[in-house]
Structure formats: C-alpha cells, structure tokens
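Fold and contact review
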There are 2 protein chains.
Amino acid sequence: MILQGEVLPGERLNELALSRRLDISRASLREAARGLEQTGLLEIIPNRGVLVRQVSMKDALDLYDLRAALFRAAARLAARRATPQCLLRLQQLNEQMRDAASAQRFADYYGRNLEFHTAIMAAGGNAPMARTYDQAVKGLHLFRRRSLLHPAQLDLSLREHEDLLAAISIHDAAAAGDVAERHIMLGRDRMLDTLEGGMPA
Amino acid sequence: MILQGEVLPGERLNELALSRRLDISRASLREAARGLEQTGLLEIIPNRGVLVRQVSMKDALDLYDLRAALFRAAARLAARRATPQCLLRLQQLNEQMRDAASAQRFADYYGRNLEFHTAIMAAGGNAPMARTYDQAVKGLHLFRRRSLLHPAQLDLSLREHEDLLAAISIHDAAAAGDVAERHIMLGRDRMLDTLEGGMPA
DNA sequence: ATGTAGAGAATTGCCGACAATCTGACGGTG
DNA sequence: CACCGTCAGATTGTCGGCAATTCTCTACAT
C-alpha cells in the first residue's frame, strides 16, 4: 500500500480503521508496523501513532549516496562472481529496456530498470548488501512520485548500463565499481535536473 | 540481551517465559521481536518462534564487505564535511586507543575503537548510512565472541586509524575512502588470522 | 479576534485468553 | 526391530477489551 501510493507520505495510519479494513486484528497490524518501521517505510511516534515516512530532499540525497556505495560494491563483487547465465540475463534485461525506451513504454522500462539493478545486486552474492540496497530504493520511492526522465536522459542511462555490463563481462572489478557508482550518482543528477522545473523545499 | 550474550545465537526464545521474565505482555515482546528481525538480530520462523540469528562464516564475510563499502563512503563524505571539533574528537579517541593498547586495557580499547568508527560514520552526515553500518557491526557481534587481536595486529590497526584521520584532516576524500575501505578489509583478514588457531566451519 | 482551560471523544499502549499449529511420546502394526 | 498413526502437552497466532494518553471542540476570558 505504501509503495503503490495508496497511503501517502506523512499520512497517519489509524490502527483500528486499517485493521478493520484489512480484516486483521490490531495486534497483527502493530507487529507488521514495527517491522516496517525498521525498513524505513514507516515512522512510529510513541503515543501518537504510525506515519508513512516523509523523505526530505536531504534524506533522498543521502539515500542516493548509500545506493551508490552499495551498487559500487556489488558491481565489484559481480565482476568477480557473475556466471554466464547471470550475464545472459543482464543482457536480456538491457535489450528489453532499450526496446521499451524506443517504444516509449516507460512503465515497462522502469520495471526492467529495477530488475536490472536487482540482478546486479544478486550477482554480487552478498545478501545483506542486496537487502540494504532494496531498502534504499524503497525509501527513494517515497521521495516523490516517479519523476519521468527525458528520452535523452534515458539514452544516457542505457549507455551506462552497457558500460557496466561490459566491465562485468570482462571481470574488471575496478571498472565495474567505478561505472556502477557513477551510474547512481548520474541518476541522482538526472533526478535533480528533472525536478528543476517546479518544486520548492 | 542479544549483544551482551545473555541469549546465544541459534537459541530459541520462548515468548511466554521471556515476557514473564521481563514483566511485559507477549504482545509487547512480539512487537519488539518484529523490529529486531528487520535489524538482522533475530530470525522469525512462522509457527516455530523467534531465534537469535546465526551468523555463518559466509554471512560474516558478507557483513565485512558491506561494512567496507559503507565505511569507505562515509569516510569520503567525512573528508569533505568534517568540522574542526569532529577532527578533535577523532584525535582524542585515537590517543585514548593508543593509551589503552599500550596499557593492555583491551576492553577499553574495543570500546574506543567502536566509538571511533561510529564517529567517522557520524562525521559523514548520512544517517541511513550510519544506521546500516551500525546494523552490520551488530550482526558481526553475533558471529563469534570477541576474538582478541595480537598486540602486533593492534598496532597495525592504530596505524591505519592515523592514516585515515590524516586523510580526512586534509580533506582528501579519495585517500580517506581508500584507507577506510582497506582498514575494514584488513580487519577482516586479522579476524581470519586470529580464527586460524582453532575452528571448523 | 485571539488565546486558554476543560470536558468529551478518539486513539494508542498493554494485557489476558482462546484458537491453531507444532513437538514429542506412546503404542500398534508389519 | 523399524515404521507410522494418534494423541496430549507445549508454543505460537490472533483476537477483543480495558487503561492511559492524546486530540478536538466548545466555552470563556482577555
């Protein structure tokens, strides 16, 4: 519900109402909320209730830095550990993204993009790292409703993916790490550029 | 209780017994457990209960890689953002560690060492990153009861801290990141060396 | 018009109890 | 003797209710 925007950041969740709506008890709901608090999706203020986490601009930039660090590390590991079928899968995803981009199927593109990054993290073979990356991405989801990229930015992103894939394919850990880190930070810049048009705070 | 070893990794926690011992209801205990599960300290198996997380050798190595990535990123940020009082604090901690080491006060040394790393993470100014680092360190705590380092290893660690502090002091982000990452990975190697003596899988 | 105190309503914190599930032992059967 | 179904005990999953705190709206004073 949080990720799909059914409840908005900053919104306060009424335990009784929500438990009735989901047809579960308040106890079960509260247990789930305690878990979601630790993942960063919810904020719990004692005696005041649970709110959907507000992600400020500062928070978002921090999450980008975190993502960059994790993605770099995972890419380095992936360059050393990636299996042929791993590489094939990445290649497929990359082509699907290119197709989606040229066909203007943006929703599809975003899905594949997410899958591509997840596949890199998985290829790294470090579960805690992948898990943390996933949390950061989910947190970023809360920042602002998906800000669409311009086609030109999309092409740049695609190019970066190709470079990353190439570095991993030849098992060049250092290059893969550099490209991966830069990819996230450039993504951050693209997000900022896209926001330039109309937004305060 | 987990971090202090009052309950051991792999141990199953009886909800009723523990709630009675802590003089709280099972519901409150369960809420806390759901939060601790997300931090990686507990593992919850449906219908079977909550266990203290077992950290295998593979898990521990993964956590070291994660720590290294986070510490590198934070050190880079710290090199750009550290204030004079931040640096002073780090300097103090470093001296306290040297004193503790030469006086063989190992418990004190470990405490200061933890503080030093935490201070670096704080100096980075990235809360989600610092939080993740803390989780990784706690997870590593579960790996094995504190394996003491040899005095020679201790000296090496101290030297690395000095190098890191120097790089941060002159705001050399690249150098700080490199030293920081290497410091964690060398710490990993020292852990492995110390374990060499007597341990199977 | 603004601010403040108070009472009632709404909401969260906490608890004990019942239902569902799992564990382990017992005894029967091939 | 090994294997399997059954059953009692123990443990977790879920629930509704009460107490404590917070929120809100009204009435009143400045």
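Keep in mind it's a predicted model, so treat the numbers as computed, not measured.

Describing the overall build of chain A
The secondary structure content of chain A amounts to 8 helices and 3 strands. When the elements of chain A are put in sequence order from the N terminus, they spell out β-α-α-β-β-α-α-α-α-α-α. Overall, the C-alpha framework of chain A stretches about 55 × 40 × 30 Å when taken along its three principal axes. Across the 201 residues that make up chain A, the buried fraction comes to 45%. If you take every contact in chain A between residues at least 6 apart in sequence, the share linking residues at least 24 apart comes to 72%. Carbon and sulfur atoms form 52% of the exposed surface of chain A, whose accessible area is close to 10,300 Å².

Quick notes on the protein's contact with DNA strand D
Around DNA strand D there are 18 residues in total, and Ser25(A), Arg48(A), Arg26(B), Arg30(B) and Asn47(B) lie nearest to it. For DNA strand D, the backbone makes up 68% of the atoms found within 4 Å of the protein, where backbone means sugar plus phosphate. One nitrogen or oxygen atom from the side chain of Arg12(B) is found 3.4 Å from a sugar or linking oxygen belonging to DNA strand D. Broken down by secondary-structure element, the contributors of at least two residues to the surface near DNA strand D are α2 (26-38) of chain A together with β1 (12-13) and α2 (26-39) of chain B. Among the residues forming the surface near DNA strand D, the class breakdown is 4 nonpolar, 6 polar and 8 charged.

Considerations on the side chain of Gln38(A)
Along the chain, the position of Gln38(A) falls in helix α2. Within the local environment of Gln38(A), its side chain forms a polar contact with the side chain of Arg131(B), the two groups lying 3.2 Å apart. Apart from the residues within four sequence positions on either side, Gln38(A) is in contact with Gln135(A), Gly35(B), Gln38(B), Thr39(B) and Arg131(B).

Some remarks on the protein's contact with DNA strand C
As a matter of local geometry, DNA strand C sits amid 17 residues, with Asn14(A), Arg26(A), Arg30(A), Ser25(B) and Arg48(B) nearest to it. In DNA strand C, atoms within 4 Å of the protein come from the sugar-phosphate backbone in 74% of cases. One of the side-chain N or O atoms of Arg30(A) is found 2.2 Å from a phosphate oxygen in DNA strand C. Between DNA strand C and Arg48(B) there is a distance of 3.1 Å, counted from a phosphate oxygen to a side-chain nitrogen or oxygen. Breaking the surface near DNA strand C down by element, the ones donating at least two residues are β1 (12-13) and α2 of chain A together with α2 of chain B. Grouping the constituent residues of the surface near DNA strand C by class yields 4 nonpolar, 6 polar and 7 charged.

Structural notes on helix α5 (residues 106-124) of chain B
All names here are of chain B. Relative to the 27 Å expected for 19 residues at 1.5 Å per residue, α5 spans 27 Å between its end C-alpha atoms, a close match to the ideal helical length. Taken together, the buried positions of α5 are occupied by Tyr-109, Tyr-110, Asn-113, Phe-116, His-117, Ala-119, Ile-120, Met-121, Ala-123 and Gly-124. Its buried side turned inward, α5 meets α3 (57-81), α4 (84-102), α6 (127-141), α7 (151-169) and α8 (173-195).

Remarks on the pairing of strand β3 (residues 49-52) of chain A
Residue and element names in this part refer to chain A. Across 2 bridges, β1 lies against β3 in antiparallel orientation. Within β3, the residue paired with Arg-12 across the bridge is Leu-51. One ladder, built from 4 bridges, connects strand β2 (residues 42-45) with β3; its direction is antiparallel. What sits directly across from Glu-43, in β3, is Leu-51. Counting the residues in the hairpin turn of β2 and β3 gives 3 residues, including Asn-47, whose phi is positive at 65°.

Comments concerning the sheet that holds β3(A)
Residue and element names in this part refer to chain A. Strands sit in the order β1-β3-β2 across an open sheet of 3 strands; the sheet is antiparallel. Edge strands, defined here as strands with exactly one partner in the open sheet, are β1 and β2. Across the sheet, α2 is in contact with β2 and β3; its angle to β2 comes to roughly 115°.

Thresholds applied
Residues numbered from 1 in each chain as written. Chains lettered and ligands numbered in written order. Predicted model: local features only at pLDDT ≥ 70, side-chain atom pairs only at ≥ 80, totals over all residues. Heavy atoms only, no water. Helix = DSSP H or I, 4+ residues; strand = E, 2+ residues; numbered from the N terminus. Buried < 20%, exposed > 50% of the residue type's maximum accessible area, 1.4 Å probe, protein only. Contact = heavy atoms within 4.5 Å. Areas by Shrake-Rupley, 256 points an atom, 1.4 Å probe, with all protein chains shown as cover. Near = heavy atom within 4 Å. Polar contact = N/O pair within 3.5 Å; in protein donor to acceptor, adjacent residues only side chain to side chain. Nonpolar A, V, L, I, M, F, W, Y, C, P; charged D, E, K, R; others polar. Expected span 1.5 Å × (residues − 1). Pairing = 2+ DSSP bridges. Axes fitted to C-alpha atoms, helices over the stretch in contact; angles between N-to-C directions.

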